[in-house]
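If you want the building blocks of each chain, they are given just below.
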Amino acid sequence: MNAAKDELFIYNSLTGQKEKFVPIHKNFVGLYVCGPTVYSYVHLGNCRTFISFDLVYRYLLHLGYKVRYVRNITDVGHIVDDVDEGEDKIAKKARLEEVEPMEIVQQYTLDFHDVLQKFNNLPPNIEPTATAHIIEQIEMIKQIISNGYAYEVNGSVYFDVWKFSEKHPYGELSGRKIEDLISGSRDLDGQDEKRNPLDFALWKNASSEHIMKWPSPWGIGFPGWHLECSAMSTKYLGDQFDIHGGGMDLKFPHHECEIAQGCASTGKPPVNYW
């Protein structure tokens, strides 16, 4: 991105074009960046994302904007292989090392901060954690269900992608068509709780062996990975904010699902520049 005559232009991944940046609120920028899932040490590839957005943050400050930079810590809900079935990455690490999950979270969060300090990164204004925002996530799920875009099965809640796509574009950020995604997905064969293989979990029912779980209107469980960022970003930046960043590997499905959740809960696109 570049500035000329006090104008800022940003490449918007949502439109595939460089656009003039116009903040929602004059002289204020709401910036959200997906932070790490803290189950292992960060490597240089991880750091690239955070260094890049540190530069964006600094440049916005240099231009005179007041910036609220929010970068989360994912400490629950991120399932191995990024699917709705399987083991939570942090819980798995805790089981292997025979410690409490929050010991894993603490160890690797401290390491994350230490590494970014070595790169002289500025800390975000707010660094929320998923486990501290369970209430907000439950409330967002309630709203999505109320608006008709989610359904409950056996204590789990799934986002209805097909229903959502009837009124909203799904796949717009990644350039994927829902028909192609469906044709390329596996057959449910009646063995899955989902109505459609593209549907993703907002809340998962927890087995008795599952360590990290909370009470909810649908039973004891834990939040879906995609939901966490939607709940935390809107809490601190509002239903609509300016810039959302993250690694390219998050573009689909994570960021695509965030857009869907935001639209489904408020009726408005959550972010102007991706």
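The following refers to the structure shown. Fair warning: this is a prediction, and the values are worked out from it, not measured in the lab. (Residues numbered from 1 in each chain as written. Predicted model: local features only at pLDDT ≥ 70, side-chain atom pairs only at ≥ 80, totals over all residues. Heavy atoms only, no water.)

Our next topic: the sheet that holds strand E10 (residues 241-245). Hydrogen bonds along the backbone pair up the strands of a sheet, which may run parallel or antiparallel. If you trace the 4 strands from one edge of the open sheet to the other, you get E5-E4-E10-E11, paired in parallel fashion. The sheet terminates laterally at strand E5 (66-71) and strand E11 (271-273), the two strands that pair on one side only. In this sheet, neighbouring strand axes are inclined to one another by 40° on average, regardless of whether the strands run parallel or antiparallel. The strands touched by helix H7 (residues 225-237) within the sheet are strand E4 (28-33), E5 and E10, with E4 carrying the most contacts at an inclination of about 160°. (Pairing = 2+ DSSP bridges. Helix = DSSP H or I, 4+ residues; strand = E, 2+ residues; numbered from the N terminus. Axes fitted to C-alpha atoms, helices over the stretch in contact; angles between N-to-C directions. Contact = heavy atoms within 4.5 Å.)

Time to look at the packing of aromatic side chains. The way to describe two aromatic rings as a pair is by their centre distance and the angle between their planes. Using the criterion set out here, one finds 12 aromatic pairs in the structure. For the pair Tyr-57 and Tyr-69, a centre-to-centre distance of 4.8 Å together with 55° between the ring planes defines the contact as tilted. With a gap of 12 residues between them, Tyr-57 in helix H1 (residues 44-62) and Tyr-69 in strand E5 connect regions that are remote in the sequence. The pair formed by Tyr-57 and Tyr-69 is uniform in burial state, with each residue classed as buried. Arranged with centres 6.5 Å apart and planes meeting at 70°, the rings of Tyr-170 and Phe-252 form a pair that is edge-to-face. Of this pair, Tyr-170 sits in the loop between helix H5 (161-165) and helix H6 (178-183) while Phe-252 is found in helix H8 (residues 251-266), placing the two residues 82 residues apart along the sequence. On the basis of relative accessible area, Phe-252 is assigned to the partly exposed category, the value being 21%. Connected via pairs of aromatic rings, a cluster forms that spans Tyr-149, Phe-159, Phe-164 and Phe-200. Residue placement shows Arg-195 over the ring face of Tyr-151; its charged tip is 4.0 Å from the ring centre. (Phe/Tyr/Trp six-rings, centres within 6.5 Å; stacked < 30°, edge-to-face > 60°. Buried < 20%, exposed > 50% of the residue type's maximum accessible area, 1.4 Å probe, protein only. Lys NZ or Arg CZ within 6 Å of the ring centre and 35° of its normal.)

Attention shifts here to the pairing of strand E3 (residues 17-20). Summarising the sheet, strand E2 (residues 7-12) and E3 pair through 4 bridges and their orientation is antiparallel. Within E3, the residue paired with Phe-9 across the bridge is Lys-20. Turn length for the E2-E3 hairpin, with the two strands adjacent in sequence and antiparallel, is 4 residues, and the turn residue Gly-16 shows positive phi of about 75°.

Structural measurements only, silent on function.
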